[in-house]
Amino acid sequence: MTTIHPPEPFRIKVMEPIRLVPREEREAKLKEAGYNLFSLKAEDIFIDLLTDSGTGAMSQEQWAAIMRGDESYAGARSYSRLKSAVEDIFGFKYFIPTHQGRAAENILSACLVKPEQYIPSNMHFDTTDANIRARGGRPVNLVIDEASDPANPHPFKGNMDIAKLKAFIAEYGREQIPFGMITVTNNAGGGQPVSMENLKAVSAVYGEAGIPFVIDAARYAENCYFIQQREPGYKNKSVKEIAREMFALADGMTMSAKKDAIVNIGGLLCVNDEKLFQNIKNELILREGFPTYGGLAGRDLDAMAVGLYEGLDESYLSYRIAQTAYLAQRLNDAGIPTIQPTGGHAVYVVANQLLPNIPNYEFPAQSLGVELYREGGIRGVEIGSVMFAHPDPETNQWSYPALELLRLTIPRRVYTQSHFDYVADTLVKIKSRAKEMKGFRLTYAPELLRHFTARFEPL
Ligand code: F0G
């Protein structure tokens, strides 16, 4: 099958040089970094697919907006411009800017989570998971079973399992569940979208139980684009109309604006409940800043106000989703398994299938990530046992995630077809020696979010 790389709906005005350091140096850099790709220096990386978070290229309009930033401490014009964009797109009654997504998660958790309470979602992202745990809460993942089968072509593999959600609420009750979430798209499960039908069902189940419903909206625009493309009844609706319909189902949202608002820093927390909003504002003032800037500079708010609309632009979204599909198709054509169907922001290589000789406790996806840097100076990110394995709070037994993935995350408006051809060619080379590759042993790991700072030793 041939997939065509879409022509970019932009041209390049400012360039940033990148350099491939020689192979021997790459080997030394890996050793120095304790084989943790987060510890490498950006200058030593040729193509950086670590994340799509804050790594996008801002547009000329965003850079122009930065110059209009109003740095007044309170009531800045920048805040008013962001407020009008947030109200127009999301439609919640109240909002605060935050410095990024996890700050919104922290504030929400501080206001609502008590020890031993449960927060269900399709799949929590790692920072959401950790912010809930940090307050003594218990994040619960209730995604449909299809999500754990990488080959299953279900068009909305981010969907929540409604039967499981109902059973969970029946078992624990409203008192033990201060709010419920859903992540769009489901980053931890392959960047997979959630259908509007599923969102409606989730909203109804939470609503009937009196549980507030909060959307993790980091990649809501990509999710809405998939709804437009894949879900019956949506092909004639604009992505923005679909977004309005989605957020009307919820009581609040957290958002890392570093994704679909195409800014380098920023986040949002929106709610409809006035009393909760008062508490949120107090928490924000304590930890982040005054409610009209929320830990950001005025210019950041302006870049976000413009970026929110650019993230909804349909010519951009169709290019972006096709670019991701192009990379996946090139890998699949060479027999390299990736999560099907291809998600929005990243290609997820199924590392345990590519490296079947490495057991999950020896971190196959970590091993593949290290090899990709060694071979081509490319940085991906492990989304597997380094990130998600944890001791069960009841039994203390280690529990391992169903999928061992290397995520090749695509920054917005940054790389071109030749970069992706190089990435694909490099992985094809690695595949030819997959059988000889070995795993890793942890030599240091903190308790929470260990993937950021862990150190390893090759086996
Ligand atoms: N929710 C989702 C679904 C995310 O993917 C992220 C971040 C966050 C929340 C937290 O937002 O980074 O602004 O504090 N994901 C990045 C990633 C880090 O690489 O996937 P943040």
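Before any of the text, the structure's been laid out above.
Please read all numbers here as calculations on a predicted model, not as lab measurements. (Residues numbered from 1 in each chain as written. Predicted model: local features only at pLDDT ≥ 70, side-chain atom pairs only at ≥ 80, totals over all residues. Heavy atoms only, no water.)

Chemist: Pulling in residues and values, what's your account of the sheet that holds strand 14 (residues 405-409)?
Modeler: If you trace the 3 strands from one edge of the open sheet to the other, you get 9-14-11, paired in antiparallel fashion. At either end of the open sheet lies a strand with only one pairing partner, and these are strand 9 (346-350) and strand 11 (381-383). Pairs of neighbouring strands in the sheet enclose a mean axial angle of 35°, with direction left out of account. Each of strand 9, strand 11 and strand 14 is contacted by helix 14 (residues 364-376), which is oriented at about 45° to strand 14, the strand it contacts most. (Pairing = 2+ DSSP bridges. Helix = DSSP H or I, 4+ residues; strand = E, 2+ residues; numbered from the N terminus. Axes fitted to C-alpha atoms, helices over the stretch in contact; angles between N-to-C directions. Contact = heavy atoms within 4.5 Å.)

Chemist: Lay out the pairing of strand 3 (residues 118-121) with the relevant residues and their values.
Modeler: Residues of strand 3 alternate between two faces, with Tyr118 and Pro120 on one and Ile119 and Ser121 on the opposite face, all of them buried. Between strand 3 and its parallel partner strand 4 (residues 138-141), the chain crosses via helix 5 (residues 126-134), and the hand of that crossover is right-handed. (Buried < 20%, exposed > 50% of the residue type's maximum accessible area, 1.4 Å probe, protein only. Right-handed = clockwise from strand over helix to strand, strands pointing away.)

Chemist: Account for the side chain of Glu382, with residues named and values stated.
Modeler: Within the secondary structure layout, Glu382 lies in strand 11. Here Glu382 sits buried without a salt bridge, and the closest side chain of opposite charge, Arg450, lies 7.1 Å off (N-O distance). Here Gly384 takes part through its backbone nitrogen, which lies 3.0 Å from a polar atom of the side chain of Glu382. A distance of 2.9 Å separates the side chain of Glu382 from the backbone nitrogen of Val386, its partner in a polar contact. Apart from residues no more than four positions distant in its own chain, Glu382 is found in contact with Ala365, Gln366, Met387, Glu404, Leu405 and Leu406. (Lys, Arg positive; Asp, Glu negative; His and termini not counted. Salt bridge = Lys/Arg side-chain N within 4 Å of Asp/Glu carboxyl O. Polar contact = N/O pair within 3.5 Å; in protein donor to acceptor, adjacent residues only side chain to side chain.)

Chemist: Tell me about a nonpolar patch on the surface, and name the residues and values.
Modeler: Together, Phe10, Ile12 and Met15 give the surface a local cluster of nonpolar side chains, amounting to about 340 Å² of exposed area. Among the secondary structure elements, Ile12 is positioned in the segment before helix 1 (23-32). (Patch = residues over 30% accessible without salt bridge, like charges linked within 9 Å, V, L, I, M, F, W, Y side chains within 5 Å. Areas by Shrake-Rupley, 256 points an atom, 1.4 Å probe, with all protein chains shown as cover.)

Chemist: Provide a residue-level description of the packing of aromatic side chains, including the pertinent values.
Modeler: In the structure shown here, the tally under the stated rule is 20 aromatic pairs. Ring geometry for Phe38 versus Phe452: centroids 4.9 Å apart, planes at 70°, classification edge-to-face. Of this pair, Phe38 sits in the loop between helix 1 and strand 1 (47-48) while Phe452 sits in the loop between strand 15 (440-444) and strand 16 (455-458), and the two are 414 residues apart along the sequence. Its relative accessible area of 29% is what places Phe452 among the partly exposed residues. Ring plane angle 80° and centroid distance 6.2 Å describe the contact between Phe440 and Phe456, whose orientation is recorded as edge-to-face. With Phe440 in strand 15 and Phe456 in strand 16, this pair connects stretches of sequence that are 16 residues apart. Accessibility expressed as a relative area gives 4% for Phe440, which makes it buried. A relative accessible area of 5% means that Phe456 is categorised as buried. An aromatic cluster is built from Tyr35, Phe363, Phe440 and Phe456, whose rings are joined through pairwise contacts. (Phe/Tyr/Trp six-rings, centres within 6.5 Å; stacked < 30°, edge-to-face > 60°.)

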